Structures are given as structure tokens and as C-alpha cells.
Amino acid sequence: MAIDIGFEGQAQRRAWSQHRGVRWVRRGEAFLFPVALVALWWIASALGWLPEQILPAPAYVVETARNMISTGELFYHAGVSLRRVVFGFSIGASLGMILGIAMGLSRRFEDYVKPTFLAFAQIPTLGWIPLLMLLVGIEETLKIIIIAKGALVPVALNTFSGIRSVPGKYLEVGRALRFSPWQRLRKIILPSALPSIFTGIRYGLTHAWTSLVGVELLASSEGLGYLLVWGRQMFWLDTVIIAMIVIGIIGFAMDRGLEASEIFIRRWKRQSEE
Amino acid sequence: MDQTSNIIRIRRGLTLPLLLLVVWEASGRLGLVDVRFLPPIEDVILTAKHEIIDNGLVGQLGSSLLRNIAGFLIGAALGVSFGTLLAAVRITDRIVMPTFNGIKQISLLAWIPLISVWFGFGEQAKIVFVALAAFIPITLNTHDGIRDAPRELIEVGRALRFNAWQRITRILLPFALPSIATGIHLGLIYSWLATVGAEYFLAVGPGIGGLVIAGRERFDMALVMVGVIILGFVGFIFNRLAGAAERRLLRWRD
């Protein structure tokens with residue numbers, strides 16, 4: 001295979017890929033690799049290269065998945081995890097935004113709070129889990145706090161830097177128009193910091209989802225993380241693999257959902273500016 | 001910034017931590033909270049001292065760091081090569097990248113049960129997990145950095161009749177260096193997280209993560225606090241080191 005690192009003719013190629021047929025081929029290419037992987041997996045298990053406990057047959061995994069769906073087990077655990085994330089993320093993101101706005105607006109508040117905040121932020125979410133287990137036990141409160149913490153740090157930091165990078169000119173316009181502080185925040189600062197806040201929210205949601213898996217692995221009797229631990233203990237690798245796939249799909253869907261809403265809000269913002 | 005305002009900022013920055021320490025100490029002395037939940041500062045320091053002198057805390061930290069660095073180096077080497085390969089060979093990029101993008105959605109910790117089945121609970125499994133944590137961001141950033149190389153640059157290589165290897169090492173990799181540095185920075189942070197995670201869940205052998213878990217099991221809050229502070233501190237140092245390395249690597253560009 002020739003190593004193709006030329007980038008010439010990109011425009012032509014783009015014109016080409018407008019072509020429907022080519023686009024479908026492109027889309028098909030993306031499936032080649034996964035299909036090949038599954039084929040290899042299927043052959044490996046059919047020929048018994050690896051014991052069933054190490055690598056269950058694909059058909060077996062599909063069957064288990066179908067079972068878990070029809071009994072509602074999968075939806076139940078996914079629902080538990082989702083509820084925890086929505087709850088924890090909402091709390092963490094709102095607190096993070098308030099903290100970020102406060103630090104961004106007031107130098108004095110920043111001076112007082114930011115060093116301590118950064119010091120706490122250094123400790124990885126995983127580090128907090130054992131500590132909080134001793135403080136609040138292993139019930140729902142622990143999960144919500146951990147997830148909220150995962151979301152809070154990126155939201156706060158990005159909101160802060162978004163507000164700090166509002167161009168001085170905009171603020172002068174606000175001054176010239178004699179805006180009240182509230183108007184300044186609502187009409188100038190927040191809209192201008194919006195892209196950065198959104199970046200924070202996306203990171204926050206990713207962190208929240210990762211934190212959820214961590215906390216459910218360590219202390220839970222339901223949820224997708226629990227499914228992982230349980231499957232591992234029983235040597236049900238089919239369950240483990242299914243839980244991993246569902247975790248991936250939900251993570252992906254949440255990220256895409258936020259991306260779409262970000263584009264939507266930006267477009268709406270541009271329209272309202274015109 | 002002039003000196004007085006710096007002093008004011010430092011004073012302000014120290015206010016909250018000092019206040020917290022005072023509240024911590026006072027609440028213990030006045031019996032406002034159970035010492036099992038909030039041990040006196042003195043206890044935490046004594047525990048730290050005891051762990052360093054009698055229980056080989058430094059050795060535990062050393063094995064965590066060693067594990068972290070070994071995994072990180074493996075993951076980084078694989079990530080840079082794989083990212084370069086993907087970006088440079090268009091056909092593999094189109095075929096493999098969508099799958100890679102799908103797989104990276106699985107949050108890191110969810111890999112632990114599968115890795116423990118495949119590699120056991122020992123050192124090997126931990127290093128595989130840490131390497132995976134570094135591999136993903138480094139691959140992605142290397143790939144994106146090389147993909148962004150402008151056409152003019154590639155044409156220079158063609159004019160100079162570079163072969164594929166020369167194009168990669170003299171044009172694409174240097175061009176992608178800022179992006180690779182970002183990947184390495186992220187990789188360092190994630191691999192430390194993964195080290196802690198690996199030690200929590202694959203709890204065999206020495207390490208700071210194991211220490212924290214042991215502290216929790218014994219309901220020894222002071223020990224947990226010592227462990228958590230060390231975790232934070234190491235993370236902080238890694239972050240600083242990565243930042244410094246990044247600036248150094250990119251200095252030639254100015």
C-alpha cells in the first residue's frame with residue numbers, strides 16, 4: 001500500500017464525494033473494520049482459540065442482550081444510571097456556573113476563592129470517593145456528590161475563562177449605554193461567554209458520566225457500573241461487554257445531543273443579533 | 001502587576017484555606033463533629049509521619065509512579081505511532097477511525113472489568129489499563145494535528161522529493177507537535193487517573209490507591225486524607241511538568 005500523504009486535489013475530492021454513490025461507499029467503509037473485527041471474534045470463538053470465560057461467542061452476547069432487553073433489566077440499570085447523572089450533573093453544572101460567574105465578575109472573589117478551588121480541583125474525582133464514603137456512606141448521596149463534583153470543575157473553569165475573555169470594547173459599549181449590572185451580565189457578558197460555557201458543559205457531562213461509572217463500580221447495587229462488577233464477579237463476560245457498549249452509546253448520545261444544542265443556540269444567537 | 005497588589009492577592013488567597021483549617025481544628029477540639037469523620041490536623045500529620053517511617057509510604061508512592069510512567073510511555077509510544085499511521089495512510093484512516101471514535105466513547109473505567117478478566121489483577125493488568133488511558137488522547141491529538149497540515153507544506157516535501165518516512169519525520173510530525181503536546185499533556189493526566197483507578201479496582205500490590213482503599217476499609221479517615229492529599233499533589237506536579245515540557249517543546253516555533 002502506498003503511503004498517501006499528499007493532500008492535493010482535496011477540492012476535487014470534495015466535489016466527488018458530493019456524489020451520492022461515493023458518499024455511500026464512504027459510509028460503508030466505516031463499517032468494514034467493525035465487521036472484520038466481529039468476524040475475527042466469531043472465528044476465534046467458533047474454533048475455540050480462547051475459552052468461553054475469556055471471550056464469549058458473539059451470538060451468545062447478542063442472545064444475552066436480547067434477554068436483558070426483553071426482561072427490561074438493561075433499561076432498568078441504564079435508567080438508574082441516567083437518573084443519577086441527570087441529577088448530579090444538573091447540581092454540579094449549576095453550582096459550577098454560579099462559581100465561575102462569581103469568580104469571573106469579581107476580582108476580589110477570584111482572589112479569595114480561586115486558589116482554594118484549584119487546590120481542591122487537583123484531587124481526582126476518584127480520590128474523593130473513599131473519603132466521601134466515610135462521610136456520607138455508600139447510598140445515593142455519595143453518587144450524586146461525586147457526579148456533581150465531576151461536572152462542577154470544568155464548568156466553573158470554562159465559565160470563568162469565558163467571562164474573563166469578554167472583549168473590553170463590549171463592556172465599554174455597555175457603559176456608554178448606561179446598562180445596569182444585571183443588563184450588562186445578561187446582554188453582554190453571558191452571550192459573549194456562551195461558547196466557552198458550552199465547552200465547559202460538554203466536558204462537565206463527559207466527566208460526570210465517567211465519575212458515574214467509577215462510583216458505581218465501587219459502591220452500587222444497581223446501574224450500569226454495577227452490571228460491570230456483577231458480570232465480572234460471575235465471570236459473565238457477555239454481561240460485561242453489553243454494559244460497556246451501553247455505556248459507550250449513552251456517552252456518545254449525550255455528547256452529540258449537547259453538540260447539536262450548541263449549534264442550535266449559536267445559530268439562534270446569530271439570528272437574534274441580526 | 002505591582003508588588004502591593006500581589007501581596008494583597010496572596011493574603012486573599014490564603015484567607016480561605018486558613019479559615020478552613022481553623023474551623024477544622026476548632027470543630028475537633030470543641031467536639032462539634034465526630035473525630036472519626038474529621039480527625040484533628042495533628043492526627044493526620046502523625047499518620048503521615050507513621051506511614052512514611054514505618055509503612056514505607058515513599059515506596060508505595062514509588063511503585064505507583066513507576067506503574068504510571070511505564071504505562072504512560074507504552075501508551076504514548078503506541079499512540080503517536082498509531083495516530084501518525086492513521087493520519088498518513090488515508091485508507092486506514094477512513095476504515096479504522098470511525099471504529100476508534102466509537103470505542104473511545106466507552107468511559108475509561110468501564111474497561112477495568114474486561115481487562116481484569118484478560119490480564120488478571122496484577123501488575124500487567126494495571127499497566128495495560130494505564131497505557132490505554134494515555135493511548136486514546138495521544139492517538140486522537142496526533143491524528144488531528146497531522147490531518148491539519150496545510151497543503152503547501154506537503155507540496156514543499158514533494159518538491160524536495162522526500163520519501164514517505166522523510167515527509168512524516170521532517171514535515172508532518174514537527175507540524176503536529178503542538179497538537180501532540182496537548183495529547184501528551186492529557187495523556188499524563190488521564191494516566192495518573194488510571195493509575196489510581198487501577199489500584200482501587202485491581203487491588204493487589206503496593207500503591208497509593210491501595211493505601212486509600214485500605215484506609216477506607218479500616219475507617220481510618222486520617223489515612224484516607226493523607227492518601228488523597230498525595231493523589232492531588234502528584235496530579236498537580238504532573239500537570240505542571242506537562243505544561244513545562246509543552247512550552248519547552250514548542251519554544252523553537254517562536
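A quick note: this is a predicted structure, and the numbers were derived from the prediction, not measured.

Chemist: Could you clarify how one ought to interpret the overall build of chain A in this entry?
Modeler: Counting its regular elements, chain A contains 11 helices and 0 strands. With 274 residues in all, chain A has 36% of them scored as buried. Across chain A, every contact between residues at least 6 apart in sequence was considered, and the portion connecting residues at least 24 apart equals 73%.

Chemist: Just checking my understanding: could you explain the overall build of chain B for this structure?
Modeler: For chain B, the count of helices and strands is 10 helices and 0 strands. For chain B, the N- to C-terminal ordering of α and β elements is α-α-α-α-α-α-α-α-α-α. Computed over the C-alpha atoms, the radius of gyration of chain B is 23 Å, more than 25% above the 18 Å expected from 2.2 N^0.38 for a compact globule of 254 residues. For chain B, the spread of C-alpha atoms along the three principal axes comes to 80 × 60 × 30 Å. Expressed as a percentage of its 254 residues, the buried residues of chain B come to 39%. Once local pairs closer than 6 in sequence are excluded, the contacts in chain B between residues at least 24 apart make up 74%.

Chemist: Could you clarify how one ought to interpret the nonpolar core in this entry?
Modeler: The nonpolar side chains of a soluble globular protein tend to be buried, and buried together. The biggest cluster of nonpolar side chains holds 117 residues, and the ones touching the most others in it are Ile147(A), Ala151(A), Ala243(A), Phe129(B), Val130(B), Ala133(B) and Ala134(B). Broken down by element, the residue count for this core peaks at 16 residues, all from helix 8 (residues 164-201) of chain B. Once you skip the residues sitting within four places of it in the chain, Ala133(B) turns out to touch Gly75(B), Leu108(B), Tyr190(B), Ser191(B), Leu193(B) and Ala194(B).

Chemist: Before we go on, may I ask you to explain helix 4 (residues 90-103) of chain B in this structure?
Modeler: Within an α-helix, residues lying three or four positions from one another point in the same direction, as the helix has 3.6 residues per turn. The end-to-end C-alpha separation of helix 4 of chain B is 20 Å, in line with the 20 Å expected for 14 residues at 1.5 Å each. Along its length, helix 4 of chain B reaches its greatest deviation from straightness, about 40 degrees, at Val96(B), and the proline Pro98(B) lies no more than four positions downstream.

Chemist: Would you take a moment to explain the domain arrangement of chain B for this structure?
Modeler: Accessible area lost when the parts come together is the quantity often used to give the size of an interface. In terms of domains, chain B is made up of domain 1 (1-33) and domain 2 (38-253). Using C-alpha coordinates to define each centre, domain 1 of chain B is positioned 34 Å away from domain 2 of chain B.

Chemist: Even after reading the chapter, I still don't get unusual backbone geometry, so can you show me in this structure?
Modeler: Located in the positive-phi region is Arg178(A), a residue other than glycine, with phi close to 55 degrees. Mapped onto the elements, Arg178(A) comes out in the loop between helix 8 (168-176) and helix 9 (181-218). Phi angles above zero are rare outside glycine, and Arg161(B) is one such case at about 55 degrees. In this fold, Arg161(B) is placed in the loop between helix 7 (151-159) and helix 8. In this structure Arg161(B) comes out as exposed when scored by C-beta crowding, with 7 C-beta atoms within 10 Å.

Chemist: What is the right way to read the packing of helix 6 (residues 125-136) of chain A against helix 9 of chain A from this model?
Modeler: A pair of packed helices can be characterised by two numbers: the angle between their axes and the separation between those axes. Residues and elements named next belong to chain A. Taken N-terminus to C-terminus, the directions of helix 6 and helix 9 make an angle of 35 degrees; their axes are 10 Å apart at the nearest point. Where helix 6 crosses over helix 9, the two elements pack in a sense that is right-handed. Residues Thr125, Leu126 and Ile129 of helix 6 pack against Ser211, Gly214, Val215 and Leu218 of helix 9. Within the contact of helix 6 with helix 9, the residues separate by chemical class into 4 nonpolar, 3 polar and no charged.

Chemist: Even after reading the chapter, I still don't get the interface of chain B and chain A, so can you show me in this structure?
Modeler: On the chain A side, the residues contacting the 53 residues of chain B number 47 residues. Counting only elements with at least two residues in the side of chain B that touches chain A, the list comes to helix 1 (3-29), helix 4, helix 5 (111-119), helix 7, helix 8, helix 9 (208-217) and helix 10 (221-249) of chain B. Residues that form the side of chain B that touches chain A fall into these classes: 34 nonpolar, 11 polar and 8 charged.

Chemist: Can you help me understand the domain arrangement of chain A in this one?
Modeler: We note that the domain assignment places domain 1 (17-49) and domain 2 (62-273) within chain A. Relative placement of domain 1 of chain A and domain 2 of chain A: their C-alpha centres are 34 Å apart.

Chemist: How should the environment of Lys49(B) be read in this particular structure?
Modeler: Residues and elements named next belong to chain B. Here Lys49 is to be found in helix 2 (residues 41-54). Here Lys49 falls in the exposed class, since 12 other C-beta atoms lie within 10 Å of it. It is 9.9 Å that separates the C-alpha atoms of Lys49 and Val226, two residues lying 177 residues apart in sequence.

Reading the values: the criteria
- Residues numbered from 1 in each chain as written.
- Chains lettered and ligands numbered in written order.
- Predicted model: local features only at pLDDT ≥ 70, side-chain atom pairs only at ≥ 80, totals over all residues.
- Helix = DSSP H or I, 4+ residues; strand = E, 2+ residues; numbered from the N terminus.
- Buried ≥ 20, exposed ≤ 12 C-beta atoms within 10 Å, placed from the backbone.
- Contact = placed C-beta atoms within 7 Å.
- Rg over C-alpha atoms; globule rule 2.2 N^0.38 Å.
- Core = buried A, V, L, I, M, F, W, Y, C linked by C-beta atoms within 7 Å.
- Expected span 1.5 Å × (residues − 1).
- Bend = angle between axes of the 7 residues up to and from the residue.
- Domains from an automatic or database assignment.
- Axes fitted to C-alpha atoms, helices over the stretch in contact; angles between N-to-C directions.
- Left-handed = near helix turned anticlockwise from the far one by under 90°.
- Nonpolar A, V, L, I, M, F, W, Y, C, P; charged D, E, K, R; others polar.

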